[in-house]
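Each chain, letter by letter, is given below.
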Amino acid sequence: MVFDFFHLPHLHLPDWHLLLPGTKAAATGPRIVEYFAASCPHCQQLAPIWSDAEKQWVQAHASDQPVAWEQKECYGDGWSAGTDAAECRSAGVHSFPTIKFFSGPEDTTGKDFLADRSAQGLVDFVQSQLPKVKAADATAAAADASAAAASDTSAAAAASSSSAAAGDAEGARFV
């Protein structure tokens, strides 16, 4: 069976790559992304630093503060289109390397990393962004709890109102 991925009506263009073999879905939590070009000397210089920073983060925070470390190839060797070229364009990436922190799937703009390109600089940047993620999560949880409480209150009021109406109807029937 051959699939025509580009004519599936329910897929959005940025999501089609998730159906390809060997790919994984985007992280659902916070993530830091390096957008790179394989032929870029600055990107090549950053590669071992990125790897070291990711290892440091995972060793120190994997269980208590999971953050996905992702790399997106905007341009391949010889500046040909990279495997993630469409995603790079949609993210508005025009210089390399570009590093962004995304607080979650709803964060589509990300926060640019502009500090020292060292392993410690990357780790510190990720750490500095997490309080914002936790604050956003707490706000969302409070909103969800408030909505649930309002829904419960509305349901209770509706049940009380309908039982009172049923009582009035029943009383009227026996008069």
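Since the model is a prediction, treat every value here as computed from it, not as a measurement. (Residues numbered from 1 in each chain as written. Predicted model: local features only at pLDDT ≥ 70, side-chain atom pairs only at ≥ 80, totals over all residues. Heavy atoms only, no water.)

Lay out the pairing of strand β1 (residues 31-37) with the relevant residues and their values.
Counting buried residues in β1 gives seven out of seven residues, a clear majority hidden from the surface. Going residue by residue along β1, you find Arg-31, Val-33, Tyr-35 and Ala-37 tucked away on one face and Ile-32, Glu-34 and Phe-36 tucked away on the opposite face as well. Summarising the sheet, β1 and strand β2 (residues 68-75) pair through seven bridges and their orientation is parallel. What sits directly across from Val-33, in β2, is Glu-70. Handedness of the β-α-β unit built from β1, helix α1 (residues 41-61) and β2 comes out right-handed. (Buried < 20%, exposed > 50% of the residue type's maximum accessible area, 1.4 Å probe, protein only. Helix = DSSP H or I, 4+ residues; strand = E, 2+ residues; numbered from the N terminus. Pairing = 2+ DSSP bridges. Right-handed = clockwise from strand over helix to strand, strands pointing away.)

Quick rundown of the state of the cysteines? Include the residues and the values.
Applying the stated rule across the entire model yields one disulfide. Cysteine Cys-40 shares no disulfide, and the gap to the nearest cysteine sulfur, in Cys-43, comes to 3.1 Å. Overall, the relative accessible area of 5% leaves Cys-40 in the buried class. Take Cys-43: its relative accessible area is 4%, and that puts it in the buried class. (Disulfide = S-S within 2.5 Å.)

Please provide a residue-by-residue account of the pattern of salt bridges, values included.
When their charged atoms lie close together, side chains carrying opposite charge are able to pair. Summed over all chains, the structure comprises four salt bridges. Taking the shortest distance from any N to any O, the salt bridge between Glu-70 and Arg-31 comes out at 2.9 Å. Here Glu-70, found in strand β2, pairs with Arg-31, found in strand β1; they are 39 residues apart in sequence, far enough to count as distant. Owing to a relative accessible area of 12%, Glu-70 belongs among the buried residues under this scheme. The class for Arg-31 is buried, based on a relative accessible area of 12%. A salt bridge links Glu-70 to Lys-72, with the shortest nitrogen-to-oxygen separation between them at 3.6 Å. You'll find Glu-70 and Lys-72 in the same group, each marked buried. In the salt-bridge network here, residues are joined through shared partners; they are Arg-31, Glu-70, Lys-72 and Glu-87. (Salt bridge = Lys/Arg side-chain N within 4 Å of Asp/Glu carboxyl O.)

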